[in-house]
Amino acid sequence: MEAPAAPHVPGESGASESSGSFESSGSSLQITVQSPDQMLELGRRLAKLLRAGDLVMLNGELGAGKTTLTRGLGEGLGVRGAVTSPTFVIARVHPSLGEGPPLVHVDAYRLGGGLDEMEDLDLDVSLPDSVIVVEWGEGKVEELTDDRLNVVIHRAVGDTTDEVRHVTVTGLGERWASVELGVLSA
């Protein structure tokens, strides 16, 4: 599946950076990531934009790098514990080692329904005080808040060793309207 292009703003062009190429417009950004290390770094940079109450939805094929990005988020937020895929436990809470918010990492892959099926996780209770990252969250957690960050990671599918990922980051709602996502490509 090919990544959708970010909207183009007249007079603004994509650029090539050490972390890959990117295009940005308002509250949307498309960036090309060349390696797992660059995906970790993208997570670290993204963490600098996050605060308690933020919901981040991660979507992409199996092996796209959702957990690697979340590991970078955890490092950037300064949370306790190794960030690993919560596929079998559904959710993990990583408390902050400092003054920042805890990270709640959810894997909704095995959950078939919408928010009703996720009510037992009490994400609505955790949201005001935490950064919540939901892998495979599309169609399942949007009702938690109108303000969320949608991250879609596209990779080549099939038998390939291609490490290139195309990441589209879109801020939705008032919270993200004035956030300059272009800082993620620095």
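Now for a quick tour of the structure. (Residues numbered from 1 in each chain as written. Predicted model: local features only at pLDDT ≥ 70, side-chain atom pairs only at ≥ 80, totals over all residues. Heavy atoms only, no water.)

## Observations concerning the overall build of the chain
Inference 1: For the chain, the count of helices and strands is 5 helices and 9 strands.
Inference 2: Going from the N terminus to the C terminus, the chain shows its helices and strands as β-β-β-α-β-α-β-β-α-α-β-β-β-α.
Inference 3: Long-range contacts, defined here as pairs at least 24 residues apart, represent 63% of the contacts in the chain between residues at least 6 apart.
Inference 4: Carbon and sulfur atoms make up 50% of the accessible area of the chain, which amounts to about 9000 Å² in all. (Helix = DSSP H or I, 4+ residues; strand = E, 2+ residues; numbered from the N terminus. Contact = heavy atoms within 4.5 Å. Areas by Shrake-Rupley, 256 points an atom, 1.4 Å probe, with all protein chains shown as cover.)

## Remarks on the nonpolar core
Inference 1: By size, the foremost hydrophobic cluster in this structure holds 29 residues, and its most contacted members are Leu149, Val151, Val167 and Leu181.
Inference 2: Residue assignment for this core shows that the elements contributing at least two residues are strand E3 (28–33), helix H1 (36–47), strand E4 (55–60), helix H2 (66–77), strand E7 (131–135), strand E8 (148–155) and strand E9 (165–172).
Inference 3: No other element matches H1, which puts 4 residues into this core.
Inference 4: Leu55, Val104, Ala108 and Val141 belong to the second largest nonpolar core, which has 9 residues in total. (Core = buried A, V, L, I, M, F, W, Y, C linked by side-chain atoms within 4.5 Å. Buried < 20%, exposed > 50% of the residue type's maximum accessible area, 1.4 Å probe, protein only.)

## Notes on H1
Turn by turn, an α-helix covers 3.6 residues, leaving residues three or four places apart pointing in a common direction.
Inference 1: The end-to-end C-alpha distance of H1, which contains 12 residues, comes to 17 Å, matching closely the 16 Å that a straight helix rising 1.5 Å per residue would cover.
Inference 2: Burial in H1 covers these residues: Gln38, Met39, Leu40, Leu42, Gly43, Arg45, Leu46 and Ala47. (Expected span 1.5 Å × (residues − 1).)

## Some thoughts on the pairing of E3
Inference 1: Summarising burial for E3: 6 of the 6 residues are buried, a large majority.
Inference 2: Of the two faces of E3, the one holding Ser28, Gln30 and Thr32 and the one holding Leu29, Ile31 and Val33 are both buried throughout.
Inference 3: Of the strand pairs in this sheet, E3 and E9 are connected by 6 bridges, and their pairing is antiparallel. By the bridge assignment, Gln30 is partnered in E9 with Thr168. (Pairing = 2+ DSSP bridges.)

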